[in-house]
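Residue-level listing of the chains:
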Amino acid sequence: MGLIALCASVHAADYTGPLFDAHLHYNEEAWDGKAGPHPPADVLARMKASGVRAIVANSRPNAGSLTLAGLPQTREAGVTVVPFVRLYRNRADYTGWFADDTIYDMVQTELARGTPAGPYRGLGEFHLYDSANANGPVAKKLMALAEQRDLVVLAHVDDTAIDLLMANTPSKGQKARLIWAHTGIGGAPVERVDALMARYPGLVGELSYRPGLVCDDNQLCPAWRTLLLKYPTRFVIGSDTWVNQRWQHYEGLMQGYRQWLGGLPADVALKVAWDNAAGLFGVARP
């Protein structure tokens, strides 16, 4: 009994490889280009200390992502920036972007000019607080545009909206690439996530804020462990630094991922931590 108890109390070593933060914001509250509590030197130091070697940058406004993409300090920190066009110029855009043609025009302008790190690679993050708004005229146009231009979409939506958004792509979701922020707001059941993964080959689950993901020992709960092992190439991690508090705890967030990644088979841990996101964008392993 003593040996059994001892073995049960020992956890696998933490994952020590590179991390790809596939859901990161550098919003104006953190740094507006002149002032803020988290200037570039601060956030880059946090990434470097955490072993984060690449990020999907999407910021309100897009100037935050462009700042990170253009700094020589970013390259010196060993961080690759994958820039997305965020649909929000300000907070007012959160609730009406899906029917606002000026948002579509802004996206077209941003895509045409590109970034210091090269072309934009995706659209989002965007929110839909009512899943029916996935059928808004601008939402429809942007989903079609993303597939036509081979852009990845980052969407903060519920499971119903996933079906609606995918239906608005030319391939009806069979060629679209969509990172599902938090793998569902409101905690879609694991069985529903499984069904959507099976239906849409380009659907990728991002795991920040995901209810029920980890249990008391900061290891994956059994149902989620089973799901990640079933779809080892379909999940990514992210910080979701949507408020400054997330920056203040950035290193802890990344360490939390390292703990439960260490409980996965080593090849699966590397996929979730790095390879899956890197594969979406052609980023080499450091």
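How each quantity is defined
Residues numbered from 1 in each chain as written. Predicted model: local features only at pLDDT ≥ 70, side-chain atom pairs only at ≥ 80, totals over all residues. Heavy atoms only, no water. Pairing = 2+ DSSP bridges. Helix = DSSP H or I, 4+ residues; strand = E, 2+ residues; numbered from the N terminus. Contact = heavy atoms within 4.5 Å. Axes fitted to C-alpha atoms, helices over the stretch in contact; angles between N-to-C directions. Core = buried A, V, L, I, M, F, W, Y, C linked by side-chain atoms within 4.5 Å. Buried < 20%, exposed > 50% of the residue type's maximum accessible area, 1.4 Å probe, protein only. 1 Å grid on protein atoms, 1.4 Å probe; cavity = no way out; pocket = protein on both sides within 12 Å on 5 of 7 lines; lining within 4 Å. Points joined across faces, edges and corners; volume = space filled by probe spheres on them. Nonpolar A, V, L, I, M, F, W, Y, C, P; charged D, E, K, R; others polar. Parallel < 35°, antiparallel > 145°, perpendicular 65-115°, else oblique. Left-handed = near helix turned anticlockwise from the far one by under 90°.

If you look the chain up in an unreviewed UniProt entry, it shows as Amidohydrolase family protein from Acidovorax delafieldii.

Draft legend 1. Fine view of the sheet that holds strand β6 (residues 178–180). Spatially, eight strands are ordered β1-β2-β3-β4-β5-β6-β7-β8 in an open sheet, and the strand pairing comes out parallel. Pairing within the sheet leaves two strands with one partner each, and these edge strands are β1 (19–24) and β8 (235–236). As defined by bridge partners, strand β4 (residues 122–127) adjoins strand β5 (residues 152–156) across five bridges and the pair is classed as parallel. Note on β5: the bridge partner recorded for Gly124 is Leu154. Most of the contacts of helix α11 (residues 250–261) go to β1, to which it runs at about 125 degrees, and overall it touches β1, β2 (52–57) and β7 (203–206).

Draft legend 2. A look at the nonpolar core. One finds Phe20, Met47, Phe126 and Trp260 to be the most contacted residues of the largest nonpolar core, which totals 97 residues. Excluding its chain neighbours within four sequence positions, the residues that come into contact with Met47 are Leu24, Val52, Ile55, Leu68, Val79, Trp247 and Tyr250.

Draft legend 3. Spotlight on the environment of Arg246. If you trace the backbone, Arg246 turns up in helix α10 (residues 244–248). Residues Arg246 and His25, 221 residues apart in the sequence, show an inter-C-alpha distance of 9.9 Å. For Arg246, the residues in contact, after removing those within four places along its chain, are Ser208, Tyr209, Ser239, Asp240, Thr241 and Leu253.

Draft legend 4. Region of interest: the layout of surface pockets. Reported here for the largest pocket is a volume of approximately 230 Å³. Lining of the largest pocket is provided by 15 residues; of these, Leu207, Tyr209, Leu213, Tyr257 and Trp260 occupy positions nearest its centre. Here the lining of the largest pocket gets four residues from one element, more than from any other, and that element is α11. Partitioning the lining of the largest pocket into residue classes produces seven nonpolar, six polar and two charged. As for the second largest pocket, its lining consists of 14 residues, and the residues nearest its centre are Tyr94, His127, His156, Asp240 and Trp242. Classifying every residue of the lining of the second largest pocket by side-chain character gives four nonpolar, five polar and five charged.

Draft legend 5. Fine view of the packing of helix α5 (residues 101–113) against helix α6 (residues 137–148). Look at α5 against α6: their axes get within 9 Å of each other, and the N-to-C directions meet at 20 degrees. Overall, the two elements α5 and α6 adopt an arrangement that is roughly parallel. α6 is crossed by α5, and the crossing has right-handed handedness. Residue-level inspection shows Asp101, Tyr104, Val107 and Leu111 of α5 in contact with α6, the latter providing Val138, Lys141, Leu142 and Leu145. Across the contact of α5 with α6, the residue classes tally to six nonpolar, no polar and two charged.

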